[in-house]
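Single-letter residue listing:
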Amino acid sequence: MRVEGTLMKAKMDADVVIIGAGPAGLMLAGELRLGGAHVIVVERLERPTGQSRGLGFTARALESFEQRGLVPRFGAVETSPMGHFGGIVFDYTVLKDAHFGARGIPQSQTEAVLEEWAGELGTDIRRGWEFRALEQDDDGVSVAVAGPGGEHRLRAQFLVGADGGQSTVRAAAGFAFPGTSATRGMYLADVVGCQVKPRPLGERLPGGMVMAAPLAEGIDRIIVCEHGAPPADRGETTEFAEIAAAWQRLTGEDISHGHGDWVSTFTDATRQASEYRRGRVLLVGDAAHIHLPAGGQGLSTGVEDAANLGWKLTATVRGTAPDGLLDTYEGERHPVGARLLMNTRAQGMVFLGGPEADPLRDMFGELLGLDQVKRHLAGVVSHLDVAYDLGGHPLAGRRMAAEVLNTAGGQVSTPDLLHAAQGCLLDLADNPELRAVTAGWKDRVVSVTGTPQDEEAYSGATALLVRPDGYIAWAGDDSDGLEAALRRWFGAPDVA
């Protein structure tokens, strides 16, 4: 709802207020702080739950973390060349350096890493505070929150809803959330006290689908999807006994002597906000899109939303953004979200459907014998195929693949060049004329001269302008084209 006339204009408490301290909200906070924006994160939970619906993230999300220097904080990161689409396993190495994504990293760990990083950068994280209402005007957004001591008012230039699938920000700002309602219910439990046969990629049985994998010493994560099981009411309490009974009906295994360290339910509801921005209110992550969980794509898409939005919103609050830059967030990420919903719905039909879906599964099995199909689906699920329509060179709009550059100062890894969330000119042919063009943007763009160890890494391009989110904004060799791209993405040059 929108509260009229009750939230008075006041001085700015922050450039941006973010509601929600999940992966998307915390990633966005860090991105904004790298650019110097003052950020307040409001989170209703007084402390993290420690629960983890997700257990990894996609290859592209891993690249996003690498571009901010965060990967070492996760410890040993396990990736696998094998992945699946709708439960049909295939080899992802049909894509160069590709893999299914990071595995065995619980969402709680991802959140802890991002919260520590955002905090180190100076983010004001306020736990135990809950969003209540908003009112936006031409100058900013006034936000009502409940916290220690009662009601509080926060004022910021922008408000971002990162508060999950049941987003109260989305509802308060009047975003439509069309899509399909849940058709099936599924159980999730972390089982302690009994041994469970591993089924890491799931197993279809006559009565439904089950999945099981070790989560930690003495703990197994199980998922149960029983044909005909209605979607659970979000207000209902799920007991482990219900899950154990469903498990036994499907598998014949008795796990009732164990107990659930954590139990939960989820559905295949699929919805996407009709827009990602309404004035000074924006949405990221599950607040913008919900879907059937499949391969860590939800968490990953939220992280990638934040990486796309962060530098654009920073430039906007700093006053350096060119006209229309903030609108490109929705223009670029809404189609990505729609494609996410398409692929997860397709996977649900293949993986969770009953006997009526057998012909579809058989057809997918045949198609996955073709390398072209493998490449396509591997790109879809890993998010390595995400590309924005920027026009010009074929590389424009695609991600910058990680490579090693040989420079005068030694070898440099290209992800390391983006740790500060600045743009980067990769001068691959030692062209001083191009480097001179970037002088007016030296506070926003760094220039690096070097040659890639893999000569075919960038399809013969001699120079690349890379955005802070790791996507190529321009490729070529002409100074006029480079200047136009700099103005398009980084605004006017500094004339001082």
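Every value quoted in this text rests on a predicted model; they were computed, and no experiment measured them. (Residues numbered from 1 in each chain as written. Predicted model: local features only at pLDDT ≥ 70, side-chain atom pairs only at ≥ 80, totals over all residues. Heavy atoms only, no water.)

A. Looking closely at the overall build of the protein. The number of helices and strands found in the protein is eleven helices and 28 strands. A compact globule built from 496 residues would reach a C-alpha radius of gyration of about 23 Å, and the protein, at 23 Å, matches this within 12%. Once the C-alpha set of the protein is aligned to its principal axes, its extents read approximately 75 × 60 × 35 Å. Looking at the 496 residues of the protein, the share that counts as buried comes to 52%. Here the protein displays about 20,700 Å² of accessible surface, and carbon together with sulfur accounts for 50% of that area. Taking the average place of the 45 positive charges on the side chains of the protein and the average place of its 66 negative ones, the gap between the two points comes to 4 Å. (Helix = DSSP H or I, 4+ residues; strand = E, 2+ residues; numbered from the N terminus. Rg over C-alpha atoms; globule rule 2.2 N^0.38 Å. Buried < 20%, exposed > 50% of the residue type's maximum accessible area, 1.4 Å probe, protein only. Areas by Shrake-Rupley, 256 points an atom, 1.4 Å probe, with all protein chains shown as cover. Lys, Arg positive; Asp, Glu negative; His and termini not counted. Charge placed at Lys NZ, Arg CZ, Asp CG, Glu CD.)

B. Representation of the packing of aromatic side chains. Tallied over the full model, the rule gives nine aromatic pairs. Aromatic ring contacts, followed pair by pair, group Phe57, Phe65 and Phe74 into a single cluster. It is Arg126 that lies over the ring of Trp129; its NZ or CZ is 5.0 Å from the centre. Directly above the ring of Trp489 sits Arg467, whose terminal nitrogen or CZ lies 4.7 Å from the centroid. (Phe/Tyr/Trp six-rings, centres within 6.5 Å; stacked < 30°, edge-to-face > 60°. Lys NZ or Arg CZ within 6 Å of the ring centre and 35° of its normal.)

C. Geometry of the layout of surface pockets. As a volume, the second largest pocket reaches approximately 640 Å³. Looking at the second largest pocket, it is lined by 25 residues, and the ones nearest its centre are Glu63, Lys96, Leu384, Arg399 and Ala401. Ranked by residues supplied to the lining of the second largest pocket, first place goes to helix 2 (residues 59–66) with four residues. A per-class count over the lining of the second largest pocket returns 13 nonpolar, three polar and nine charged. (1 Å grid on protein atoms, 1.4 Å probe; cavity = no way out; pocket = protein on both sides within 12 Å on 5 of 7 lines; lining within 4 Å. Points joined across faces, edges and corners; volume = space filled by probe spheres on them. Nonpolar A, V, L, I, M, F, W, Y, C, P; charged D, E, K, R; others polar.)

D. Quick peek at the side chain of Arg280. By secondary structure assignment, the location of Arg280 is in the loop between strand 19 (277–278) and strand 20 (281–283). The buried charged residue Arg280 lacks any salt bridge, with Asp139 as its nearest oppositely charged partner at 5.6 Å. Setting aside chain neighbours within four positions, we find Arg280 in contact with Gln136, Asp137, Asp138, Asp139, Gly140, Val141, Gln157, Phe158 and Leu159. (Salt bridge = Lys/Arg side-chain N within 4 Å of Asp/Glu carboxyl O. Contact = heavy atoms within 4.5 Å.)

E. Structural detail: the sheet that holds strand 18 (residues 270–272). Reading across from one edge, 12-18-21 is the order of the three strands in this open sheet, with antiparallel pairing throughout. The open sheet is flanked by strand 12 (179–180) and strand 21 (289–290), the only strands paired with a single partner. Contacts between helix 7 (residues 327–352) and the sheet are confined to strand 12, strand 18 and strand 21, with strand 18 contributing the most and set at about 175° to the helix. (Pairing = 2+ DSSP bridges. Axes fitted to C-alpha atoms, helices over the stretch in contact; angles between N-to-C directions.)

F. Summary view of a negative patch on the surface. A cluster of acidic side chains, namely Glu433, Asp477, Asp478 and Asp480, defines a negative patch on the protein surface. Considering the arrangement of structural elements, one finds Asp480 in helix 11 (residues 479–490). (Patch = residues over 30% accessible without salt bridge, like charges linked within 9 Å, V, L, I, M, F, W, Y side chains within 5 Å.)

G. Quick peek at a nonpolar patch on the surface. Taken together, the side chains of Met82, Val89 and Leu201 present a nonpolar region at the surface, about 230 Å² in accessible area. In this structure, Leu201 sits in strand 14 (residues 199–205). Residue classification places Leu201 among the partly exposed residues on the basis of a relative accessible area of 34%.

H. The arrangement of the pattern of salt bridges in detail. Counting across every chain of the model gives 29 salt bridges. In this structure, Glu116 engages Arg73 in a salt bridge whose closest nitrogen and oxygen atoms are separated by 3.3 Å. Of this pair, Glu116 sits in helix 3 (residues 107–120) while Arg73 sits in the loop between helix 2 and strand 4 (78–79), and the two are 43 residues apart along the sequence. Residue Arg73 is classed as partly exposed on the basis of its relative accessible area, which comes to 31%. In the salt-bridge network here, residues are joined through shared partners; they are Lys312, Glu332, Arg467 and Asp469.

I. Representation of the nonpolar core in the model. With 64 residues, the main nonpolar core has Val17, Ile18, Phe57 and Leu159 as its most contacted residues. In this structure, Leu159 is in contact with Val17, Ile19, Phe131, Leu134, Val141, Val143, Val169, Arg280, Val281 and Leu282, ignoring residues within four places of it in sequence. Leu434, Ala473, Ala485 and Leu486 belong to the second-largest nonpolar core, a separate cluster that totals 23 residues. (Core = buried A, V, L, I, M, F, W, Y, C linked by side-chain atoms within 4.5 Å.)

J. Molecular detail of the sheet that holds strand 7 (residues 102–103). The three strands are arranged 3-7-4 in an open sheet whose pairing can be described as antiparallel. What marks the edges here is a single partner per strand, and that holds for strand 3 (56–57) and strand 4.

Bear in mind that shape data such as this cannot, by itself, settle questions of function.
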